[in-house]
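# Structure at a glance
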There are 2 protein chains.
Amino acid sequence: MGRQKRLMMKIDNPCSRHTTYSKRRDGILKKASELSVLCDADVGLLMFSPSGRLTSFSSNGRIEDVFLRYVDQPNELRGGPVSNEDYFYQRLRELKHEGEMLEKLSKYDFLSP
Amino acid sequence: MGRQKRLMMKIDNPCSRHTTYSKRRDGILKKASELSVLCDADVGLLMFSPSGRLTSFSSNGRIEDVFLRYVDQPNELRGGPVSNEDYFYQRLRELKHEGEMLEKLSKYDFLSP
DNA sequence: CCGGCTATTTATAACGT
DNA sequence: TACGTTATAAATAGCCG
């Protein structure tokens with residue numbers, strides 16, 4: 001969302017990076033809260049900013065309890081965890097798609113610089 | 001988002017609740033991944049569905065490591081955790097705001113049923 | 001640094017299949 | 001039951017103060 005689409009890579013400018021972190025951190029906190037309320041789900045969330053500052057969220061009591069519930073799960077049911085690697089191929093597909101779009105757009109002269 | 005605004009309360013219909021859970025769970029997973037990539041943040045996320053099924057996300061290695069990093073934080077720096085209670089007053093304000101809007105809108109005859 | 005302001009991009013609610 | 005579609009609500013990028 002926003003004025004421009006953002007490439008999914010580390011933001012170079014430290015100032016922009018922190019601004020984006022603050023906004024998105026708040027967004028995810030809200031999403032986590034909404035998920036727990038709407039769906040009666042138990043949610044635990046830990047976020048460390050690039051500078052190491054911690055923000056945590058727990059839908060129900062202490063985050064320690066959510067983690068203990070995780071630890072109590074049989075390994076087969078931990079389902080992962082989902083990691084960034086799972087988004088790697090997704091991003092590759094996105095990039096491929098973007099590449100195709102750019103190629104198509106490049107055929108229109110009026111878009112050339 | 002969606003065709004209608006959703007009230008922030010537990011969804012009664014179990015089927016709708018699970019559908020919404022699945023979609024929003026995936027949304028938060030994506031957001032968590034994006035936060036970690038864009039901002040080089042360390043993120044850990046645990047979600048238990050209403051039926052108890054676990055989904056977890058870790059931006060960097062095992063979620064256990066993220067949790068250990070949390071445990072290592074001095075109490076003062078754990079910053080919370082932010083809990084649903086922190087959103088209680090926010091929702092109250094939203095409700096108040098919505099009430100004021102409705103009141104204003106009600107003064108326009110063409111909006112009456 | 002934090003909060004407000006739009007233009008845009010995203011996420012998703014309600015339906016279909 | 002999970003997936004696809006579309007209209008609409010939300011999140012947010014880039015700016016400004």
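Here goes a summary of the coordinates provided. (Residues numbered from 1 in each chain as written. Chains lettered and ligands numbered in written order. Predicted model: local features only at pLDDT ≥ 70, side-chain atom pairs only at ≥ 80, totals over all residues. Heavy atoms only, no water.)

## Thoughts on the environment of B:Leu45
Inspection of the secondary structure assignment puts B:Leu45 in strand β1 (residues 42–48). Each C-alpha atom, one on B:Leu45 and one on B:Val71, is 15 Å from the other, the two residues being 26 residues apart in sequence. Excluding residues that lie within four positions of it along the chain, B:Leu45 makes contacts with A:Val43, A:Gly44, A:Leu45, B:Ile28, B:Leu29, B:Ala32, B:Thr55, B:Ser56, B:Phe57 and B:Ile63. (Helix = DSSP H or I, 4+ residues; strand = E, 2+ residues; numbered from the N terminus. Contact = heavy atoms within 4.5 Å.)

## Points about the relation of the copies chain A and chain B
Expressed as a screw operation, the relation of chain A to chain B combines 0.0 Å of axial shift with a rotation of 180 degrees, fitting to an RMSD of 0.0 Å. What the superposition gives is, in effect, a two-fold axis relating one chain to the other. Taking the C-alpha atom as reference, chain A places A:Leu45 closest to the rotation axis, 2.3 Å from it. (Least-squares fit on C-alpha atoms with pLDDT ≥ 70 in both.)

## Details of the nonpolar core
Within the largest apolar cluster, 26 residues are counted, with the highest numbers of intra-cluster contacts made by A:Leu45 and B:Leu45. The next biggest cluster of nonpolar side chains, apart from the first, holds 14 residues, and it includes A:Leu46, A:Phe67, B:Phe48 and B:Ile63. (Core = buried A, V, L, I, M, F, W, Y, C linked by side-chain atoms within 4.5 Å. Buried < 20%, exposed > 50% of the residue type's maximum accessible area, 1.4 Å probe, protein only.)

## With respect to the protein's contact with DNA strand D
The environment of DNA strand D is formed by 16 residues, the closest being A:Met1, A:Arg3, A:Arg24, B:Arg3 and B:Lys5. Sugar and phosphate atoms form 70% of the subset of DNA strand D atoms that lie within 4 Å of the protein. Within the side chain of A:Lys23, one N or O atom sits 2.9 Å away from a base oxygen of DNA strand D. Take A:Lys30: an N or O atom from its side chain is 3.1 Å from a phosphate oxygen of DNA strand D. Considering every element that reaches the surface near DNA strand D, the biggest residue donor is helix α1 (residues 14–39) of chain A, with six residues. Classifying every residue of the surface near DNA strand D gives two nonpolar, five polar and nine charged. (Near = heavy atom within 4 Å. Polar contact = N/O pair within 3.5 Å; in protein donor to acceptor, adjacent residues only side chain to side chain. Nonpolar A, V, L, I, M, F, W, Y, C, P; charged D, E, K, R; others polar.)

## Quick notes on the environment of B:Asp12
All names here are of chain B. Mapped onto the secondary structure, Asp12 falls in the segment before α1 (14–39). According to the relative accessible area criterion, Asp12 is exposed, its value standing at 68%. Between the alpha carbons of Asp12 and Ser33 there is a distance of 30 Å; along the sequence they are 21 residues apart.

## Considerations on the environment of A:Arg24
Within the secondary structure layout, A:Arg24 lies in helix α1. Look at A:Arg24 and you get partly exposed, because its relative accessible area is 22%. Not counting chain neighbours up to four residues away, the residues in contact with A:Arg24 comprise B:Glu34, B:Leu35 and B:Leu38.

## Some details on the packing of aromatic side chains
For the structure on display, the rule yields three aromatic pairs over all chains. In textbook terms, an aromatic cluster arises when at least three aromatic residues are bridged by ring pairs, as seen for A:Phe67, A:Tyr70, B:Phe67 and B:Tyr70. The ring of B:Phe48 has A:Arg69 sitting right over it, with the charged end atom 3.9 Å from the ring centre. (Phe/Tyr/Trp six-rings, centres within 6.5 Å; stacked < 30°, edge-to-face > 60°. Lys NZ or Arg CZ within 6 Å of the ring centre and 35° of its normal.)

## A word on unusual backbone geometry
Residue and element names in this part refer to chain A. Unlike most non-glycine residues, Asp40 shows phi in positive territory, near 55 degrees. As for its placement among the helices and strands, Asp40 is situated in the loop between α1 and β1 (42–48). A relative accessible area of 45% places Asp40 in the partly exposed class.

## Regarding the pairing of β1(A)
Summarising burial for β1(A): seven of the seven residues are buried, a large majority. Taking every second residue as pointing to the same face, both faces of β1(A) are buried, with A:Asp42, A:Gly44, A:Leu46 and A:Phe48 on one and A:Val43, A:Leu45 and A:Met47 on the other. As paired strands, β1(A) and β1(B) are joined by seven bridges and run antiparallel to one another. Bridging from a neighbouring strand, A:Phe48 pairs with B:Asp42 of β1(B). Bridging between β1(A) and strand β2 (residues 54–58) of chain A involves five bridges; their strand directions are antiparallel. Within β2(A), the position partnered with A:Met47 by the bridge is A:Thr55. Counted along the chain from β1(A) to the antiparallel partner β2(A), the turn is five residues long, and its residue A:Gly52 has a positive phi close to 95 degrees. (Pairing = 2+ DSSP bridges.)

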